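For reference, the chains in residue letters:
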Amino acid sequence: MTNYLDTTTWGRREIFEFFRNFDKPYFNICTQLDITKLRMLIRERPGASVSMAYHYFALRAANDIEPFRYRLRDGKVVVHDVIHGGTTIMLPNENFTLAYFEYDDNFDKFMTAAQTAVNEALSGDGAFRPNARDDMIHFTTLPWISFTSFSHARNWRSEDSVPKIAFGKFTEVNERTLLPFSVEVHHALMDGLHVGRYVARLQEALANPQAYLTSEKS
């Protein structure tokens, strides 16, 4: 069943109406995430990818902040119960394709399924097949650049409201590992306050990743 936000009683109604028909209704915030403790923990897990690990944390935090689950659809606001992920994958021929993965609270279950999706993308035919689902976050990684600014390609003729997140090349500063991080969202659906809460929630989790990496055994 599709759940919609009642925009007639929404406290942001006027802001929503103001921004939703803008030619460029998106805003982008760039910062750095401290992933020092996460890298240390992942090193103790043979075969685990630090890249997929920070995808997990970014997606987990997005599910915790309700506006990150809002999507525009035919002028209405859909509220998803859970959002999932898709990310760019570099191929040996230097083209890229896409891998999609379902969200799971359990770190080990998520990592296993996400890595399977990545492996399937790498071993497949390399075709570029974007998924039109809007119950997800679009991720990309630029491991060659420690960027300080970022902007995504957008189709302004479409009702595209899926948040887009980019990770960059991490650097070592005073024995800390810092990861460039960009988050781009639709201003009709959220404000800087909500993105600030999202980044704070994400950094809080990364400061104590062990609490989330302990998987439940069934």
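Coordinates for the structure precede this section.
Since the structure is predicted, the reported quantities are computational estimates derived from the model, not experimental observations.

A. Molecular detail of the overall build of the protein chain. Across its full length, the protein chain carries six helices and nine strands. Compactness check: the protein chain gives a C-alpha radius of gyration of 17 Å against a globular reference of 17 Å for 218 residues, within 12% of the reference. The dimensions of the protein chain, computed from C-alpha atoms along their principal axes, are 50 × 40 × 40 Å. Classification of the 218 residues of the protein chain by burial places 46% in the buried group. Of all intrachain contacts in the protein chain linking residues separated by at least 6 positions in sequence, the fraction that spans at least 24 positions is 72%. Counting only carbon and sulfur atoms, one obtains 50% of the accessible surface of the protein chain, whose full area is about 11,700 Å². Charge centroids of the protein chain, computed over 24 positive and 27 negative side chains, lie 2 Å from each other.

B. Quick look at the side chain of asparagine 106. Residue position: asparagine 106 is located in the loop between β5 (96-101) and α4 (107-123). A residue is classified by how much of its surface remains accessible, and asparagine 106, at 9% relative accessible area, is buried. A polar contact of 2.9 Å, which involves the side chain of asparagine 106, links it to the backbone nitrogen of lysine 109.

C. Geometry of the nonpolar core. Counting residues in hydrophobic clusters, the biggest one holds 45 residues, and the most contacted among them are Leu38, Phe68, Phe181, Tyr198 and Leu202. Looking at this core element by element, the count peaks at nine residues for helix α3 (residues 50-64). Core analysis: the next-biggest nonpolar cluster, separate from the first, contains nine residues, Leu72, Val77, Ala188 and Leu189 among them.

D. Spotlight on the side chain of threonine 141. Note that threonine 141 resides in strand β6 (residues 136-141). Ignoring sequence-local partners within four residues, the contact set of threonine 141 consists of Ser51, Tyr54, His55, Thr88 and Phe167.

E. Molecular detail of the pattern of salt bridges. All chains considered together, the criterion is met by 13 salt bridges. One salt bridge in this structure joins aspartate 125 and arginine 129, with 2.7 Å as the shortest N-O distance. Look at aspartate 125 and you get exposed, because its relative accessible area is 58%. We classify arginine 129 as exposed; its relative accessible area is 52%.

F. A look at the pairing of strand β7 (residues 164-167). Burial of the side chains of β7 extends over both faces: Lys164 and Ala166 are buried on one face and Ile165 and Phe167 on the other. Relative to strand β9 (residues 176-186), β7 runs antiparallel, the two sharing four bridges. Residue pairing in the sheet places isoleucine 165 in a bridge with valine 183 of β9.

G. Just α3, in detail. Here α3 contains 15 residues, and its C-alpha end-to-end distance of 21 Å stays within 8% of the 21 Å for a straight helix at 1.5 Å per residue. Of all 15 residues making up α3, 11 are buried, and the element is well covered by its neighbours. By the burial criterion, the buried members of α3 are Met52, Ala53, Tyr54, His55, Tyr56, Phe57, Ala58, Leu59, Ala61, Ala62 and Asn63. Between the side-chain oxygen of the N-cap and the backbone nitrogen of serine 51 there are 3.2 Å, and the N-cap of α3 in question is serine 49.

H. Representation of the environment of asparagine 93 in the model. Residue position: asparagine 93 is located in the loop between β4 (84-90) and β5. For the pair asparagine 93 and glycine 126, spaced 33 residues apart in sequence, the C-alpha to C-alpha distance is 9.3 Å. Polar contacts involving the side chain of asparagine 93 include one to the main-chain amide nitrogen of asparagine 95, which spans 2.9 Å.

Scoring rules and cut-offs
- Residues numbered from 1 in each chain as written.
- Predicted model: local features only at pLDDT ≥ 70, side-chain atom pairs only at ≥ 80, totals over all residues.
- Heavy atoms only, no water.
- Helix = DSSP H or I, 4+ residues; strand = E, 2+ residues; numbered from the N terminus.
- Rg over C-alpha atoms; globule rule 2.2 N^0.38 Å.
- Buried < 20%, exposed > 50% of the residue type's maximum accessible area, 1.4 Å probe, protein only.
- Contact = heavy atoms within 4.5 Å.
- Areas by Shrake-Rupley, 256 points an atom, 1.4 Å probe, with all protein chains shown as cover.
- Lys, Arg positive; Asp, Glu negative; His and termini not counted.
- Charge placed at Lys NZ, Arg CZ, Asp CG, Glu CD.
- Polar contact = N/O pair within 3.5 Å; in protein donor to acceptor, adjacent residues only side chain to side chain.
- Core = buried A, V, L, I, M, F, W, Y, C linked by side-chain atoms within 4.5 Å.
- Salt bridge = Lys/Arg side-chain N within 4 Å of Asp/Glu carboxyl O.
- Pairing = 2+ DSSP bridges.
- Expected span 1.5 Å × (residues − 1).

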